[in-house]
Amino acid sequence: MVLNRQTFLRIISLLAVSLTLQACSDSSDDNTAAGPSYLPISQPAVEDPPDAGTLSLLTTTFDLATVGYRQREFFLSGSATAFTNLSELTDDGLWQVEPGETAEYRTRIVVYLPDDEADFSGSVYVEWLNVTSGFEIPPSWGSGHTELLRRGHAWVGVSAQLVGIEGTPNALAPLYLKAVNPARYDSLSHPGDSFSYDMFSQVAQALRSPVDVDLLEGLQPQRLIAMGESQSASRLTTYVNAVHPLYNPYDGYMLHSRGGGSSSLAQTPQVAIPTPPGIKVRTDLNVPVFNYQTETDVIGLGSIAARQDDTDKFRLWEVPGAAHADYYSTISGRQDIGVDPRFAVIVEETSIAGLVQCDDPINAGPMAWTFNAALFALDRWVSDGTEPPIGDLLDINDAQTDYLRDEFGNVTGGIRTPYVDAPAALLSGSPNGGDGFCRLFGSTELFDAATMASLYVDKAGYSAAVAEATDEAVENGFILPPDATRIKAAAGLQWDALTP
């Protein structure tokens, strides 16, 4: 009897589940516990892109060479599988799925590597590029790149979804790959987002076990950590619950600003397999999952319905004064190499790169600094098992419809920072008005000179208050020492800007 690939994979999948259950059974006759069995991940073909122009990715704008890094682009191709569910997809995330239909694909990845092999940490952060705007951006890199660079981590951006290659009529701008550089990218072919999960797994396979082309150019990866923000975090939530238990491809996950649900397991043109609202991360995982959330995410995007307790494999941080997207990640931080304290100063800006115009100044709060701390904590968790600090959740009213706020309007509870404990502004994650995407950018309302004087008396008083709040955040593990130095130095600049 000749088995087709789908039937073969189904048998292997069921065998894997059976072996796992046997390993968990209690037997007085056998004291040897078998380890879990995982399905093999297909090995993609790897090649260089055509020599036509340069790679396209709307990312940080500084020259990577100035910080001791280099970049390279690769095309990956092969056969990817979609997935079907074996049972109901329940909100506890304890899903059973199996490989289904297959399709050919050809996509690209972008790799950032330290120039000096001795600087490489051994950690590779693999980001599911976000396509909500109709083209690809790396928002987790945008928020956390200074931490990744100073630790010597490698970074890989993955074109996992169809829109990044082919575009969409609702795009903010025609910046999808085939529009920006058709000579370079026309050969790319994406069969649809139902296959994106397996494509993302195959990137891990190519990184961990290179064949003809080494994506890391001789660097030896010790840890692969997947991350993604917003829609990408939604897809990774489905990936963690459905796909990771089959293949064990990554050593840890950063879910950055997810909503309350998660992406469909499959979508048209395949038979759609939607997931329920209020999805938790499954509690039987063998690797750590870090869920980083802003004010916008918890109420505005409904992740309050997905709140769950911390465990030895799950951590949830909710950050007051932070928005889903902000001034640093979309504007100023694109130039930040991790030195200048001016990047920690709160400013008022209503326009995002000329693409989005909001009614009120967008959020300029603490996301970058607390996200850096989250990345550090996750890396250490994966590396040596040290669990991240546990943080309080944001304070919410009994009806769970709004936050509790202090006398300045800033939200109480959550991961505390000097941005809300020694405030110079009302920093909100609530929806902004203006263009459609403004609902994700929160707002900033700087205090006037009279308010600053009433709170702190003078520049020295404000600087002292910022230093005290910053030191407490460092002690609690919510801000890293190098960032604390910059935040403290920014206090004087902030005072001067508000009290001319």
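Some thoughts on the overall build of the protein chain
Summing up its helical and strand segments, the protein chain has 14 helices and 13 strands in all. Computed over its C-alpha atoms, the radius of gyration of the protein chain comes to 23 Å, within 12% of the 23 Å expected for a compact globule of 500 residues. Structurally, the protein chain occupies a C-alpha span of about 85 × 60 × 45 Å along its principal axes. Per-residue burial over the protein chain gives 55% buried out of 500 residues. Sequence-distant contacts in the protein chain: of pairs separated by 6 or more residues, those separated by 24 or more amount to 78%. A total of about 19400 Å² of accessible surface is found on the protein chain, and carbon and sulfur atoms cover 50% of it.

Focus: the sheet that holds strand E1 (residues 45-47)
In space, the nine strands of this open sheet follow the order E1-E2-E3-E5-E4-E6-E7-E8-E9, with mixed pairing throughout. Strands with a single pairing partner mark the edges of an open sheet, and in this sheet they are E1 and strand E9 (314-319). Strand-to-strand twist of the sheet, defined as the mean angle between neighbouring strand axes without regard to direction, takes the value 20°. The sheet contact formed by strand E4 (residues 123-128) and strand E6 (residues 223-229) spans five bridges and is parallel. Residue pairing for E6: Glu127 is matched across the bridge by Met227. Contacts between helix H2 (residues 139-151) and the sheet are confined to strand E2 (69-85), strand E3 (97-114), E4, strand E5 (154-158), E6 and strand E7 (252-256), with E6 contributing the most and set at about 140° to the helix. Packed onto the sheet, helix H10 (residues 367-384) meets E4, E6, E7, strand E8 (289-294) and E9 and runs at close to 170° relative to E8.

Let's talk about H10
The terminal C-alpha atoms of H10, which comprises 18 residues, lie 26 Å apart, in line with the 26 Å expected from a rise of 1.5 Å per residue. Counting buried positions along H10 yields 14 of 18 residues, so the element is predominantly enclosed. In the stretch just after H10, Gly385 is the one whose phi turns positive, near 85°.

Observations regarding unusual backbone geometry
The amide bond that connects Thr268 to the next residue, Pro269, takes the cis arrangement and shows omega of 10°. Checked against the element boundaries, Pro269 lands in the loop between E7 and E8. One non-glycine residue, Gln400, lies in positive phi territory at about 60°. For Gln400, the location among the structural elements is in the loop between H10 and helix H11 (418-421). Positive phi outside glycine occurs at Val457, with the angle close to 75°. Locating Val457 in the fold gives a position in the loop between helix H12 (449-456) and helix H13 (459-476).

Comments concerning the packing of H13 against helix H14 (residues 481-498)
Look at H13 against H14: their axes get within 9 Å of each other, and the N-to-C directions meet at 160°. Taken together, the axes of H13 and H14 are roughly antiparallel relative to one another. Here the hand of the crossing between H13 and H14 comes out right-handed. Of the residues in H14, those touching H13 at Lys459, Tyr462, Ser463, Val466, Ala467, Thr470, Asp471 and Val474 are Pro481, Ala484, Ile487, Lys488, Ala491, Gly492, Gln494, Trp495 and Asp496.

Examining the pattern of salt bridges
For the structure shown, the criterion picks out 22 salt bridges. A salt bridge links Glu217 to Arg70, with the nearest nitrogen and oxygen atoms 2.8 Å apart. Placement of the pair is Glu217 in the loop between helix H6 (196-208) and E6 and Arg70 in strand E2, with a sequence separation of 147 residues. Taking the relative accessible area as the measure of exposure, Glu217 reaches 31% and is therefore partly exposed. Judged by its relative accessible area of 27%, Arg70 is partly exposed. Each of the salt bridges in this network shares a partner with another, and the network as a whole consists of Asp48, Arg70, Arg72, Asp115 and Glu217.

Rules used throughout
Along each chain, the written sequence defines residue order, and numbers are assigned to residues from 1. Selection of residues for local features in this predicted model requires a pLDDT of at least 70, selection of side-chain atom pairs for listing and counting requires 80 or more, and totals for whole chains, interfaces and linings are taken over all residues. As a convention, hydrogens and water are excluded, and side-chain values are obtained from all of the structure's heavy atoms. Helix numbering and strand numbering both begin at the N terminus, where a helix is a DSSP run of H or I of at least 4 residues and a strand a DSSP run of E of at least 2. Each radius of gyration reported is based on C-alpha atoms, and the globular scaling rule is 2.2 Å times the count of residues to the power 0.38. Summary of the burial criterion: residues with accessible area below 20% of their type's maximum are buried, those above 50% are exposed, and those between are partly exposed, where the area comes from a 1.4 Å probe applied to protein chains only. Here a residue-residue contact requires only that any non-hydrogen atoms of the pair lie within 4.5 Å. Methods summary: accessible areas were calculated by the Shrake-Rupley approach with a probe of 1.4 Å, and residue burial reflects only the protein chains presented. We call two strands paired when DSSP finds no fewer than two bridges between them. To define axes, lines are fitted to C-alpha atoms, for helices over the stretch in contact only, and angles between the resulting N-to-C directions are given on a 0 to 180 degree scale. A helix is expected to reach a length of 1.5 Å times the quantity of its residues less one. Under this scheme an angle from 65 to 115 degrees is roughly perpendicular, one under 35 degrees roughly parallel, and one over 145 degrees roughly antiparallel; angles in between are oblique. Crossings are assigned a handedness: left-handed for a near helix turned anticlockwise from the far helix by less than a right angle, right-handed for a clockwise turn. Salt bridges, as used here, are contacts in which a Lys or Arg side-chain nitrogen is within 4 Å of a carboxyl oxygen on Asp or Glu.

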